[in-house]
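Residue strings, one per chain:
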Amino acid sequence: MDVYEVRGRLDVIAEELTASEEEEEAVSVKQDSPDVSTAQQMKEQLSRSRSKLSQKIVEMENFASNLEEIFITVEENFGRQEQNLEQHYNEVLQTLSQRNEARAAVLDEQKNSKLERLYGQLLLCGRTLDAAKELIESAQELHRRPDKHAFLQAVTPVMKRVEQFSREEVDLKLGVSLDFDVPMMDLSQVRQMMDSINVLPAPSAPVMNPQIANSATDTSLHVCWSLFSDDTVEFYELYWRLISDDCTMETPQEVSQLKVKETHCTVSDLLPNAQYELWVTATNTTGISPASERAVYMTVPSPPVLKPRQCVSSLDSALIRWDSGNTNPVESYTLELHQTHADAGCSATECIVAIPSCECQLQLQPWKHYIIHIRAVNIGGPSDRSEPITVSTTGTFFHLLEDTAHPSLSLSADGLTMFYLDEDLPISHMTFSDNTFNRCVAVLGDLVPVRGHYYWEIDVDESAEFRVGVAYEDTQRNSYLGGNNTSWCMRHILTPSRHKYEFLHNGWTPDIRITVQPLRIGVFLDYSRGILSFYNAALRQHLYTFSCQFLHYVQPCFALDNPGALALRTGMTAPPYITQP
């Protein structure tokens, strides 16, 4: 009786119990016996017994399922053992065949040597016989001569030759032995192979485990694998290679390997944010297992690099930018920030996860200071923290955008001062791009793209001719600031008689005279009220206000019409005296 017959009988018993329950229910409906309570008790007892029996049947069914699984496992193990036996049998036959061929080769070599020596003796014997026959024939011919005088003259040399030949000793012994030296066959390897058949099968192929969370760093991977419980293994060999987009069939990546005793290993000296293909084999005294299926693991990225000069902030928001720090793309980024306090303490860390690109806009609380880190994330896990930067919401913070600057301009290391040197560079020595100003010697600043209010100041030289204000990001690079409908600016012109000031938009300016030259200019931008105001910050004097509902976000703009310098002041809020005129 096999497992399937057992399960079939259990199913029949279960069906019979179900049928009997239905019959008893039908009988109970028809019974009108006066002793109903006794019958009811017996039915309840029978029902409990039936429930126990049903539970036993369920247990037996589970046991039968387990037996079925064991049956399949035994079949699989038998197949493996049969395959191992056949492999060992072929290996033993091959080894015996090799040993037999080696012995046959040695015997064949001995045979050839003996035959060559016998053949040499046979040739020597033949030459001796030929010489003896020749002497005998010469003597007989001489003996038959009738002339005695001629006989006496010829007999002496013949006699000497016969005597000399008779004195020579002829070797009549065999020069070789008729016995062969049969080499002993070394069967130690065959015995070892025969012993291994009865003792230990070769291992099955291991199974690589998927990569688990937090099992990698930017230069290492912790790799795990599994093996059948009945396999005995002396050691494992782990192999890995880099998966690269540049890797082709003609130029495969180098394969590295490591011998380990456990079913886990840490592989080091790897590239960050890179995929590696790994596989493993198991070895015991019998042989080496087939290679496992190949698994792909990934190292975590290198820490990103924050770009302080491209991070901007206002009273209630900030825009943080960074470089990936990795050659290959990453899945996302995580921004961590915590607020600092006057007592040198820090609040709990807040995280913004799944950031798809290398920038993030934050909504923050005003008049606070924050420390910010960035982590890059891939399937291997998060990278280490980047170097921190501090972001403040005590005012407007931004820098000049070097990639928009005219080639004649130079910017300071802190990105807050621009210089127009007194040097006439030829056009051929200037390098322009689509984003640089090519007519007006100008540069743009960078604000948080939030419709709030902003304030900054500019220190100017007394003799500098300049333009300061705001412009759309896509303002024309081949026109002057204030000369188009995408920029609003205050312009200073130095004439022989006075300092002239214009407030330009689309080439038009109102007629305004300013008697005291402002050397520190305050600029106030308020999106909600649609105004752009200019002030003499030193005197707290209002100069002019543009009223405009800006359709797009604007950026601060600065230009010099003659050699000089402009210095930017950021990080301050609008003073209390600034109100709408």
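What you are looking at is a predicted structure, and each value in this text was computed from that prediction instead of being measured.

> When you look at the overall build of the chain in this model, what are you seeing that I'm missing?
When you go through the chain residue by residue, the secondary structure sums to four helices and 28 strands. Here the chain holds 581 residues, and the buried ones make up 37% of them. Pairs at least 24 residues apart make up 68% of the contacts formed inside the chain by residues separated by at least 6 positions. Here the chain has roughly 35,000 Å² of accessible surface; of this, 53% comes from carbon and sulfur atoms.

> Whenever I open this one, the nonpolar core confuses me. Can you help?
Counting 45 residues, the largest nonpolar core has Trp456, Phe534, Phe550 and Phe558 as its most contacted members. Setting aside anything within four residues of it in sequence, one finds Phe550 in contact with Arg451, Val470, Tyr472, Trp488, Leu525, Tyr527, Ile531 and Leu532. Listed in part, the 21 residues of the second largest apolar core include Trp225, Trp240, Cys265 and Leu270.

> Honestly, the layout of surface pockets in this entry has me stumped. Any pointers?
Gaps left between atoms are located by rolling a probe of water-molecule size over the structure's atoms. Of the pockets and cavities examined, the largest pocket occupies roughly 500 Å³. Lining of the largest pocket is provided by 25 residues; of these, Arg321, Leu401, Asp446, Glu473 and Gln555 occupy positions nearest its centre. Contributing elements (two or more residues each) for the lining of the largest pocket: strand E10 (317-323) and strand E27 (554-560). Of the residues belonging to the lining of the largest pocket, the class tally is 12 nonpolar, five polar and eight charged. Summarising the domain contributions, the lining of the largest pocket has at least three residues from each of domain 3 (305-393) and domain 4 (402-578).

> When you look at the sheet that holds strand E17 (residues 409-411) in this model, what are you seeing that I'm missing?
Strand pairing in a sheet takes place through backbone hydrogen bonds and is either antiparallel or parallel in direction. In spatial order, the strands read E17-E18-E28-E20-E24-E25-E26; together these seven strands make up an open sheet with antiparallel pairing. Of all the strands in the sheet, just E17 and strand E26 (541-547) have a single pairing partner and so form its edges. Here the strands of the sheet are splayed against their neighbours by 20° on average, with no regard to which way each runs. Pairing of strand E20 (residues 453-460) with strand E28 (residues 564-569), which is carried by four bridges, proceeds in the antiparallel orientation. Across the sheet, Glu457 pairs through a bridge with Arg569, a residue of E28.

> What is the right way to look at the state of the cysteines in this model?
Two cysteines joined by a covalent bond between their sulfur atoms form a disulfide. One pass over the full model with this rule turns up zero disulfides. Free of any disulfide, Cys224 has its nearest cysteine sulfur in Cys265, 9.5 Å distant. Take Cys440: it sits in no disulfide, and the sulfur closest to it among the cysteines is that of Cys489, at 8.0 Å.

> What am I meant to see in the packing of aromatic side chains here?
What characterises a pair of aromatic rings is the spacing of the ring centres plus the angle enclosed by the ring planes. For the structure on display, the rule yields 14 aromatic pairs. Judged by centre distance (5.6 Å) and plane angle (65°), the ring pair of Trp225 and Tyr236 falls under edge-to-face. Of this pair, Trp225 sits in strand E2 (residues 221-226) while Tyr236 sits in strand E3 (residues 235-243), placing them 11 residues apart in sequence. When sorted by exposure, Trp225 lands in the same class as Tyr236, which is buried.

> Got a minute to help me understand the confidence of the model for the chain in this structure?
For the chain, the mean per-residue pLDDT works out to 82, and 82% of the residues sit at or above 70. Segment residues 25-33 is flagged for pLDDT under 50; beyond a separation of four residues in sequence, or across chains, it makes two contacts in the model.

> Please explain the sheet that holds strand E5 (residues 264-267) as it appears in this structure.
Pairing is antiparallel in the open sheet, where three strands are placed in the order E1-E2-E5. Strand pairing shows two members of the sheet lacking a second neighbour, strand E1 (207-208) and E5, which therefore form its edges. Pairing geometry for E1 and E2, over two bridges, is antiparallel. In the sheet register, Met208 faces E2, and the bridge partner there is Trp225.

> Got a minute to help me understand the pairing of E20 in this structure?
Here is the key point about a regular strand: its side chains alternate between the two faces of the sheet. Burial within E20 is extensive, with six of its eight residues counted as buried. Both E20 and strand E24 (residues 520-526) contribute to a ladder of seven bridges, which runs antiparallel. Residue pairing in the sheet places Trp456 in a bridge with Val523 of E24.

> Is there a simple way to explain the pattern of salt bridges in this structure?
Any two side chains of opposite charge can pair, on the condition that their charged atoms come close. Applying the stated rule across the entire model yields 15 salt bridges. Here Arg294 makes a salt bridge to Glu277, at a shortest N to O gap of 3.3 Å. Taken as a pair, Arg294 in the loop between strand E6 (275-283) and strand E7 (295-298) and Glu277 in strand E6 lie far apart in primary sequence, 17 residues in all. Judged by its relative accessible area of 47%, Arg294 falls in the partly exposed class. The exposure class assigned to Glu277 is buried, which follows from its relative accessible area of 14%.

About the thresholds
- Residues numbered from 1 in each chain as written.
- Predicted model: local features only at pLDDT ≥ 70, side-chain atom pairs only at ≥ 80, totals over all residues.
- Heavy atoms only, no water.
- Helix = DSSP H or I, 4+ residues; strand = E, 2+ residues; numbered from the N terminus.
- Buried < 20%, exposed > 50% of the residue type's maximum accessible area, 1.4 Å probe, protein only.
- Contact = heavy atoms within 4.5 Å.
- Areas by Shrake-Rupley, 256 points an atom, 1.4 Å probe, with all protein chains shown as cover.
- Core = buried A, V, L, I, M, F, W, Y, C linked by side-chain atoms within 4.5 Å.
- 1 Å grid on protein atoms, 1.4 Å probe; cavity = no way out; pocket = protein on both sides within 12 Å on 5 of 7 lines; lining within 4 Å.
- Points joined across faces, edges and corners; volume = space filled by probe spheres on them.
- Nonpolar A, V, L, I, M, F, W, Y, C, P; charged D, E, K, R; others polar.
- Domains from an automatic or database assignment.
- Pairing = 2+ DSSP bridges.
- Axes fitted to C-alpha atoms, helices over the stretch in contact; angles between N-to-C directions.
- Disulfide = S-S within 2.5 Å.
- Phe/Tyr/Trp six-rings, centres within 6.5 Å; stacked < 30°, edge-to-face > 60°.
- pLDDT = per-residue confidence, 0-100.
- Salt bridge = Lys/Arg side-chain N within 4 Å of Asp/Glu carboxyl O.

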